[in-house]
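# Architecture and fold: a report
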Amino acid sequence: MTNKRLLLLAVFCFILPRLATAQNHDVETYRDQYRPQIHFSPAAHWINDPNGMVYFNHTYHLFFQYYPDATVWGPMHWGHATSTDLVHWKELPIALYPDSLGYIFSGSAVVDSNNTSGLGKKGKIPLVAIFTHHNPNGEKAGTNNYQNQSLAYSLDNGITWTKYAGNPVLNNPGIKDFRDPKVMWYARQKKWIMTLATKDRITFYSSPNLKKWKKESEFGATIGAHGGVWECPDLFPLKLNGKTHWVLIVNINPGGPNGGSATQYFTGDFNGSKFTPRDTKTRWLDYGPDEYAGITWGNTGSRKIFLGWMSNWEYANQVPTEKWRNAMTIPRELSLKAVNNEVLLASAPAKELNALTAKTLVLKPTVKAGQDILANLNKQYKQYRFDAKLRNKPGFRIKLSNDEGETMVIGYDNKTGNYYIDRSASGKTDFNPNFAKTAYAPRLAFPKTSDIHLIIDASSIEFFADGGLTTMTAVCFPHKPYTHLYIEILKVSDIVQPSVSGLVSIHGNK
Ligand code: FRU
């Protein structure tokens, strides 16, 4: 072939498709029914877990499990998006493609500032991704070692990646579910710690250079929820009243509190080798049906920002979207709270989200029972948030509804002490028999005045109560947007400072 022809071939096969993906952020792409307006969703095709979340050079990187050829799960790639404000995302070309070692399953990315890996060149700090290679042939052949941990590195701010020639760097010892490495720098002992999901427990490994790994310890075979396989863990320190505690996040599928997949967590201590929980209670970071595989960004200093996949493996492949399937939650800031001598994890919408509040539309209505408090909200804001403070621990019921009479109900039953989300009449629900079930969550704290927050997008609601100690995420597929919000049961005197705020679409239009 002549050089000219080769060049043309390269343009058609590699360059044009990449440009097409990189440039597809036009408003039209993001206008289809159910398209999230304040959440990250892929321009097209399938996504699941967030991966490789790392903050580097003023940019938040979000990689994700991605199948670019269909809207159902398939051979996994790492898709890529970046943001400088955690709210507006730019989708970039695919970062990692499957290769002879297998599909690219979940994992993390670190900034190797000291070039411990030696992968940095000419003084450039390498970003190193540590991920699971899942070999489908090994799986088909019935072997038990088809998931292994590998590396890739980038010297251009995460845009292009080179797989490490010595992959895999951590070989499977014969455990079928051996995946989703989350790596952090343990400064006190100057070593990397890998937190790995190994079937029904977590195994910790350490390394001086990301290439050679040594097993340190195991955790959890007899602690926590075990209704399914442990996946996508995370380990990080957080301070409470000046004292450092360690948080271990463990996603599990199935076996969540409302069926299917969910995120549990433990608080305790980590000494560079072993995690010791404070107690053995099972706790959930999000009790709703639709937050999964959630983990935190690395390299964000003392802030811990969490993001989950907004779906559930029970029906993720069936939800009624067309061009794309599944989105991420809003970013959430995690903190610790002491409640009755327990150390609990709380979630709050990241403050960056405030940038989307259309300030002129913030209302402070005098709420009457049965009143539609969205009546005055400019109808062009189909996505909005509702915030209120509640006195006297009242039971309440908030109903979102649309002009078709479809409803999404969020409430608190003060007799049972449970919050709930009832989406049985929320719109399209029949694509899976488990979808319409009401989800319940316990109330964990009873302050005199409590707070609730609801964030409503085209096909999701996120609910935070009592300082984020109880959090619930649920997707929904109404035929028309929920443009009414009724406070149905509540003594008017018990609600303080209610407000509803229109949120501006992240896709550049209202
Ligand atoms: C969790 C998970 C991970 C795995 C990935 C595959 O949702 O099953 O354990 O790495 O998805 O896409």
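Residues numbered from 1 in each chain as written. Predicted model: local features only at pLDDT ≥ 70, side-chain atom pairs only at ≥ 80, totals over all residues. Heavy atoms only, no water.

### A look at the domain arrangement of the chain
By domain assignment, the chain separates into domain 1 (34-349) and domain 2 (352-503). Each of domain 1 and domain 2 has a C-alpha centre, and these two points are 30 Å apart. With both sides pooled, the region where domain 1 packs onto domain 2 buries about 3,300 Å², and carbon together with sulfur makes up 62% of that total. For the pair domain 1 and domain 2, the interface holds three salt bridges. Scanning the region where domain 1 abuts domain 2 turns up 22 residue pairs in polar contact (both at pLDDT 80 or more). Elements represented by at least two residues in the side of domain 1 that touches domain 2 include exactly β17 (283-286), β21 (332-339) and β22 (342-349). Of the residues forming the side of domain 1 that touches domain 2, the biggest block, six residues, is contributed by β22. Tallied by class, residues from the side of domain 1 that touches domain 2 come to 21 nonpolar, nine polar and nine charged. (Domains from an automatic or database assignment. Buried area = accessible area lost by both parts, 1.4 Å probe. Salt bridge = Lys/Arg side-chain N within 4 Å of Asp/Glu carboxyl O. Polar contact = N/O pair within 3.5 Å; in protein donor to acceptor, adjacent residues only side chain to side chain. Helix = DSSP H or I, 4+ residues; strand = E, 2+ residues; numbered from the N terminus. Nonpolar A, V, L, I, M, F, W, Y, C, P; charged D, E, K, R; others polar.)

### So, the pairing of strand β27 (residues 439-442)
Judged by which residues are buried, β27 turns out to be one-sided: A439 and A441 face inward and are buried, whereas Y440 and P442, on the alternate face, are not. Two strands pair when backbone bridges link them, and strand β26 (residues 418-422) and β27 are joined in this way by four bridges, in the antiparallel orientation. Pairing of Y419 across the sheet is with A441, part of β27. (Buried < 20%, exposed > 50% of the residue type's maximum accessible area, 1.4 Å probe, protein only. Pairing = 2+ DSSP bridges.)

### A few points about the environment of M408
Tracing the sequence through the fold places M408 in strand β25 (residues 407-413). Placed 110 residues apart in sequence, M408 and G298 show a C-alpha to C-alpha distance of 35 Å.

### Concerning the site of the ligand
Taken together, N48, D49, Q65, W73, M76, F105, S106, R179, D180, E231, Y292 and W313 are the residues near the ligand. A distance of 2.7 Å is found between an oxygen atom of the ligand and a side-chain nitrogen or oxygen belonging to R179. The fraction of the free accessible surface of the ligand (320 Å²) that becomes covered by protein chains is 95%. Every element with two or more residues in the shell around the ligand is listed here: β1 (45-56), β5 (103-111) and β9 (178-186). (Near = heavy atom within 4 Å. Areas by Shrake-Rupley, 256 points an atom, 1.4 Å probe, with all protein chains shown as cover.)

### Comments concerning the UniProt feature "domain: Glycosyl hydrolase family 32 C-terminal" (unreviewed entry) in the chain
UniProt's entry tags residues 388-486 with the feature "domain: Glycosyl hydrolase family 32 C-terminal" (unreviewed entry), counted in the numbering of this structure. Helix makes up 0% of residues 388-486 and strand 51%, whereas the separation of the span's terminal C-alpha atoms amounts to 13 Å. (UniProt positions renumbered as here; feature names shortened; annotations may be inferred.)

### Focus: the sheet that holds strand β29 (residues 460-465)
Strands sit in the order β30-β29-β28-β23-β32 across an open sheet of five strands; the sheet is antiparallel. The open sheet is flanked by β30 (470-475) and β32 (495-502), the only strands paired with a single partner. Along the sheet, successive strands turn relative to each other by an average axial angle of 10°, direction set aside. Pairing analysis gives six bridges linking β29 to β30, with the strands arranged antiparallel. Directly across from I461, in β30, lies its bridge partner A474. (Axes fitted to C-alpha atoms, helices over the stretch in contact; angles between N-to-C directions.)

### Details of the side chain of S426
Mapped onto the fold, S426 is located in the loop between β26 and β27. Once residues lying within four places of it in the same chain are set aside, the contact partners of S426 are E406, T407, M408, C476, F477, P478 and Y482. (Contact = heavy atoms within 4.5 Å.)

### Details of the packing of aromatic side chains
A full pass over the atoms with the stated rule returns 33 aromatic pairs. On the basis of an interplanar angle of 45° and a centroid distance of 5.9 Å, the ring pair of Y186 and W246 is categorised as tilted. Of the two residues, Y186 sits in strand β9 while W246 sits in strand β14 (residues 243-253), which places them 60 residues apart along the sequence. Take Y186 and W246: they sit in the same class, and that class is buried. Here F431 and F477 contribute two aromatic rings whose centre-to-centre distance is 5.8 Å and whose plane-to-plane angle is 85°, an arrangement assigned as edge-to-face. Here the residue F431 occupies a position in the loop between β26 and β27, and F477 occupies one in the loop between β30 and β31 (484-489), the gap between them amounting to 46 residues. On the accessibility criterion, F477 (4% relative accessible area) is buried. In textbook terms, an aromatic cluster arises when at least three aromatic residues are bridged by ring pairs, as seen for F40, Y55, Y60, F64, Y66, W89 and W297. When the ring centre of Y486 is taken as origin, the NZ or CZ atom of K399, which lies over that ring, is 5.4 Å away. The ring centre of Y412 lies 4.9 Å from the NZ or CZ of R443, which sits over that ring. (Phe/Tyr/Trp six-rings, centres within 6.5 Å; stacked < 30°, edge-to-face > 60°. Lys NZ or Arg CZ within 6 Å of the ring centre and 35° of its normal.)

### Here's the deal with the sheet that holds β1
Taking strand neighbours across the sheet as the criterion, the five strands line up as β4-β3-β2-β1-β20 in an open arrangement whose pairing is mixed. The two strands at the open ends of the sheet, each matched to only one other strand, are β4 (90-96) and β20 (324-325). As defined by bridge partners, strand β2 (residues 59-67) adjoins strand β3 (residues 77-83) across seven bridges and the pair is classed as antiparallel. Each residue of the ladder has a partner; that of H61, found in β3, is T82.

### Quick notes on the pattern of salt bridges
A side chain with one charge can pair with a side chain of the opposite charge if their charged atoms come near. Taken as a whole, this structure holds 24 salt bridges when the rule is applied. Its salt-bridge partner being K281, residue E342 comes within 2.6 Å of it at the nearest N-O pair. One end of the pair, E342, is in strand β22; the other, K281, is in the loop between β16 (275-277) and β17, with 61 residues separating them in the sequence. Classification of E342 as buried rests on a relative accessible area of 18%. Salt-bridge contacts for R397 lead to E488; the nearest nitrogen and oxygen are separated by 2.8 Å. Taken together, the residues span a long stretch of sequence, with R397 in strand β24 (residues 396-401) and E488 in strand β31 at a distance of 91 residues. Put simply, D177, R179, D180 and E231 are held in one network by salt bridges that share partners.

### Things to note about the environment of H484
In this structure, H484 sits in strand β31. Separated by 82 residues in the primary sequence, H484 and N402 place their C-alpha atoms 6.1 Å from one another. What H484 contacts, discounting residues up to four positions off in sequence, is D372, L374, Y384, K399, L400, S401, N402 and D403. Separated by 2.8 Å, the side chains of H484 and D403 make a polar contact.

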